[in-house]
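Now for the letters of each chain:
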Amino acid sequence: MEKPANIDLVTRLPSSEDDNVFGRGKRVVEVSNGKQVERTAEENALVWKQDLRIVPLCAAIYLLCYLDRSNIGNAKTLNSSTHNDLLSTTHMTNYQYIIALMVFLVAYAIFEVPSNYFLKKLTPSKWIAFLMFSWGAVTIGLGGAQNFASVTAVRFILGMFEAGLFPGLVYYLTFWYKTDERSIRVAFILASATLAGAFGGAIAYGVGHMNLTHNLPAWRWLFILEGIPSCISSIFVFFFLPDYPETVKWLNPIEKELATNRLEFEASHGHDESLTWKQAKETLMDWRLYAHYAVYFGISVPFSSLSLFTPSITAGLGYHDLLAQLMTVPPYAVAYVVTLAASYSADHFNARGLHSAVMATIGAAGFLASAVLPPKAYHSRYGCLIVAASGAFSCIPPLLGWLSSNLHTTGAVGLAIAINISIGAPGQIAGVWIYKANEASKGYPTGHWTNAGLLFFVAVGCLGLRIYYGWKNAKIVKNGKVGSDGNARRLFRY
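Residues numbered from 1 in each chain as written. Predicted model: local features only at pLDDT ≥ 70, side-chain atom pairs only at ≥ 80, totals over all residues. Heavy atoms only, no water.

### Overview of the environment of Ala 357
Relative to the helices and strands, Ala 357 is located in helix α15 (residues 352-372). For Ala 357, a relative accessible area of 5% puts it in the buried group. Separated by 107 residues in the primary sequence, Ala 357 and Gly 464 place their C-alpha atoms 9.9 Å from one another. Ala 357 has contacts with Ala 459, Cys 462 and Leu 463, leaving out every residue within four places of it along the chain. (Helix = DSSP H or I, 4+ residues; strand = E, 2+ residues; numbered from the N terminus. Buried < 20%, exposed > 50% of the residue type's maximum accessible area, 1.4 Å probe, protein only. Contact = heavy atoms within 4.5 Å.)

Structure follows, in structure tokens:
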């Protein structure tokens, strides 16, 4: 094979996937500029078959999860003009409301890592169905909360059960998809959170008209009606969420072999052992991963604050009561489209770090403009909110795909993803404090400045990691991809 001009080619050890593309026994060539080898027709058909069974179901699960965690933001402002909102009914102060938000995130941080262990131990379908039924039941129970203590206690329990879902779904995808296939699928799942934000505002607008039906304030109906679908859907998840390619019945033997062979060197495996102490130590001592964790901490603050305070932000833009609920829909709808487009491009060009840096910068610009514009410039600041939400949400899927693509054992992937999202939890806790109720008339400058600064930090961190991985890859190419121990050295993904 001739070497094309201006492209560095690196020989690596052949895998079963390569036999399908090049023929058994042929030398495998990898293009170091990130260009991917095209899949065979059989592999395309297999991936599409997997997508139909996995991606819509996972997206629906996360949509319901996000509805049930963020609806407290809608409950806070729902029917506030008639004093039938959450705070008025339970006699909570704004400070106590923030405490209730914070304890959810404390539970979120504590229970994420053990949850991924149980997902592998008990199989994904059983564990995710259990979590789903539990958080649905707890959400329904939140509709019966009477005071600050009961709201806070129920929110903590809700955090326990919701903690394992998102890291679990990201981990779950590694059993089914190659590294260059994950970001767009993580995006479809995460983007369902933006859909949930849009639907949540619309649902709250409709439920708001049920105020005092059977003498219940509308916010109680909101929790009850949004918790029921999660409980019912958990039954379908138990029976229809596929566990691993090796065990499903809807793949024939040839498809199962192709599914396992193509993932041999770059995915998690259902037949692998659960996390061992050796793998845990290696993962905890891999210092480059802490740069990923720091970046994810930075993005978690705007993600959390937008999730919980968008209704309050829109209320501060001159929209009131039920209209404030409805005006939360456009920012989430636009963010949904942008997130999918950015994630597809990131995988296609093997440039997850650069895409995350660009989108974080765009989000930072939106928050920065919101901070410096006059408080009464409602239309301009609403446009900035749409830009900020699109940038902040869309850089998360490539970041998670980037992390998982540079881990090479089943145990390491599960642990690192869980640690990554757990370290993001303190960032989410910080996010509940930055939009202060007494700054509504000023346009929430503290929240906007904080989010802008952290998104610039995310952009710089992504660029730094990209430069580091480029330097490491250059060393691997120079020294040879087979080490002195005879094991292949893999190039890092970008």
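### Some details on the side chain of Asp 68
Tracing the backbone through its elements, the reader meets Asp 68 in helix α2 (residues 41-77). A distance of 3.1 Å separates the side chain of Asp 68 from the side chain of Trp 135, its partner in a polar contact. Dropping the residues within four chain positions of it, Asp 68 is found in contact with Trp 135, Gly 136, Thr 139, Arg 155, Leu 158, Glu 162, Glu 226, Gly 227 and Ser 230. (Polar contact = N/O pair within 3.5 Å; in protein donor to acceptor, adjacent residues only side chain to side chain.)

### Considerations on unusual backbone geometry
Within the chain, Thr 123 stands out as a residue other than glycine whose phi angle is a positive 80°. Positive phi outside glycine occurs at His 214, with the angle close to 55°. For His 214, the location among the structural elements is in the loop between α8 (182-207) and α9 (218-240). The exposure class of His 214 is exposed, given its relative accessible area of 68%.

### Describing helix α12 (residues 288-315)
End to end, α12 covers 42 Å across 28 residues, agreeing with the expected 40 Å (1.5 Å per residue, within 8%). The largest bend along α12 reaches roughly 70° and is located at Phe 309, with the proline Pro 311 sitting one to four residues downstream. Summarising burial for α12: 23 of the 28 residues are buried, a large majority. (Expected span 1.5 Å × (residues − 1). Bend = angle between axes of the 7 residues up to and from the residue.)

### Description of the environment of Ala 452
Along the polypeptide, Ala 452 turns up in helix α19 (residues 445-479). The sequence separation of Ala 452 and Ala 369 amounts to 83 residues, and the corresponding C-alpha distance is 9.1 Å. Setting aside anything within four residues of it in sequence, one finds Ala 452 in contact with Ala 364, Phe 367 and Leu 368.

### Brief notes about the pattern of salt bridges
Within this structure, the stated rule accounts for seven salt bridges. Across the pair Arg 185 and Asp 51 runs a salt bridge, and its minimum N-O distance is 2.8 Å. In this pair, Arg 185 is assigned in helix α8 and Asp 51 in helix α2, connecting sequence segments 134 residues apart. Asp 51 matches Arg 185 in its accessibility class, with the two residues each being buried. Note that Asp 286 is salt-bridged to Arg 288, the shortest N-O span being 3.3 Å. The buried category is assigned to Arg 288, whose relative accessible area is 13%. (Salt bridge = Lys/Arg side-chain N within 4 Å of Asp/Glu carboxyl O.)

### Some points on the confidence of the model for the protein
When the pLDDT values of the protein are averaged, the result is 84; 87% of them are 70 or greater. Every residue in residues 1-35 scores below 50 in pLDDT, and together they form 54 contacts with partners more than four places removed in sequence or on other chains. (pLDDT = per-residue confidence, 0-100.)

### Quick notes on the packing of helix α4 (residues 94-122) against helix α7 (residues 165-173)
To describe two helices that pack against each other, one gives the angle between their axes and the distance between the axes. With their axes 8 Å apart at the nearest point, α4 and α7 run at an angle of 35° to one another. Between α4 and α7 lies a crossing whose hand is right-handed. Only Phe 166, Pro 167, Gly 168 and Tyr 171 of α7 make contact with α4, whose side of the interface consists of Tyr 108, Glu 112, Asn 116, Leu 119 and Lys 120. When its residues are assigned to classes, the contact of α4 with α7 shows five nonpolar, two polar and two charged. (Axes fitted to C-alpha atoms, helices over the stretch in contact; angles between N-to-C directions. Left-handed = near helix turned anticlockwise from the far one by under 90°. Nonpolar A, V, L, I, M, F, W, Y, C, P; charged D, E, K, R; others polar.)

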